[in-house]
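# Structural features, examined
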Amino acid sequence: MKFLSFTDHGQPRLGVLTDAAKVIDLSTLLATNPDHGLAFIPVNVNQLICLGDEALARISACLQAHHIAEQDLPSLDDVELLPPLQMTKNVFCVGRNYREHIIEGNLARGRPAEEFPKAIEFFSKPPSAVVGHGANVLRHADLTNSLDYEVELAIVIGRRGSNISREDALQYVFGYTIVNDVTARNLQQLHGQWLKGKSLDTTCPMGPVVVHHSAIENANDLTISLTVNGELRQSDNTASMIFSVQTIIEQLSAGMTLEPGDVIATGTPKGVGFAQNPPRCLDVGDVVSASVQHIGTLTNTIVA
């Protein structure tokens, strides 16, 4: 199932996206059919995760028991989407996780092409950077002239745990979503680390949905791409990641507790703007669409 968070007349709602890209108001469906047996009615994906696996079975049964005419449902573009997860912690991120992206970045910065990281490079983006599908991304003209894009598969954690082994890692995954790690390259370089350049307001588009892990057979084998104004800029497969989903969870959770609703962006493939010759970074009016197989497409517009 594909879950999303949206608002209806200012009230938060948990939704389910059908195969025809129609939105079922799951919160209202559960409220009007009280035989679901849930401890409470979730109004966002975070609350759904906290209800546990049994709740998913009950929700599935409720959907099957009540016929819903899809022609009467709104489409994804007809509802006011929120970020699929309400973040109370920073989004965890992995840097330089695709071989060809590392090479293009090294060459653009005048480094040896084959200089690869010896361990996962972790950083984070604050909750204030997170926006949803369809939201505007601000180009802070007084701060950056080199705003860039990075499509990424993101892991959504479903269970609390630390020191998680690689073999057990997928047991802690609720599902997957998409993150566009928008980056102010000049600030990234100026400050000598990544937090400031990665953390400007609105520079972490996320969504449009969270796909439950049961719908994705292998997260380490998904096509991933990004377009700017319809022009393909990035195209690869998560099989090209140096560090797999399982390895990322193992290394991040070592000595550090992961909690339900945590999000981990797994890195971006080659084709970023700053590494092109000449550089092709984002400008006001650009429409950026980030896609991952079996999840969907996250689209945002750059504004002043």
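The structure this text deals with has already been given above.
Now for a look at the structure at hand. (Residues numbered from 1 in each chain as written. Predicted model: local features only at pLDDT ≥ 70, side-chain atom pairs only at ≥ 80, totals over all residues. Heavy atoms only, no water.)

Moving on, we get to unusual backbone geometry. Glycine aside, a negative phi is what most residues show, and trans is what most peptide bonds show. At the junction of Gly207 and Pro208, the peptide bond is cis and its omega measures out at -5° in the coordinates. Within the secondary structure layout, Pro208 lies in strand β13 (residues 204–212). A cis geometry characterises the amide bond from Asn277 onward to Pro278, with omega recorded as 0°. Relative to the helices and strands, Pro278 is located in the loop between β16 (263–265) and β17 (287–292). Its identity is not glycine, yet Ala21 carries a phi of approximately 60°, on the positive side. A positive phi is found at His294, a non-glycine position, where the angle reads about 70°. Structurally, the position occupied by His294 is in the loop between β17 and β18 (296–303). (Helix = DSSP H or I, 4+ residues; strand = E, 2+ residues; numbered from the N terminus.)

Before going further, it helps to examine the sheet that holds strand β14 (residues 223–228). Reading across from one edge, β8-β18-β17-β14-β15 is the order of the 5 strands in this open sheet, with mixed pairing throughout. A strand with exactly one partner marks an edge of an open sheet, and here the two such strands are β8 (136–138) and β15 (231–237). Recorded for the sheet is a direction-independent mean angle of 20° between the axes of neighbouring strands. Pairing analysis gives 3 bridges linking β8 to β18, with the strands arranged parallel. By the bridge assignment for β18, Val137 is matched with Ile302. (Pairing = 2+ DSSP bridges. Axes fitted to C-alpha atoms, helices over the stretch in contact; angles between N-to-C directions.)

In this section: the environment of Pro83. Position of Pro83 relative to the elements: it lies in the loop between β4 (80–81) and β5 (91–95). Given a relative accessible area of 16%, Pro83 falls into the buried group. Between the alpha carbons of Pro83 and Leu232 there is a distance of 24 Å; along the sequence they are 149 residues apart. (Buried < 20%, exposed > 50% of the residue type's maximum accessible area, 1.4 Å probe, protein only.)

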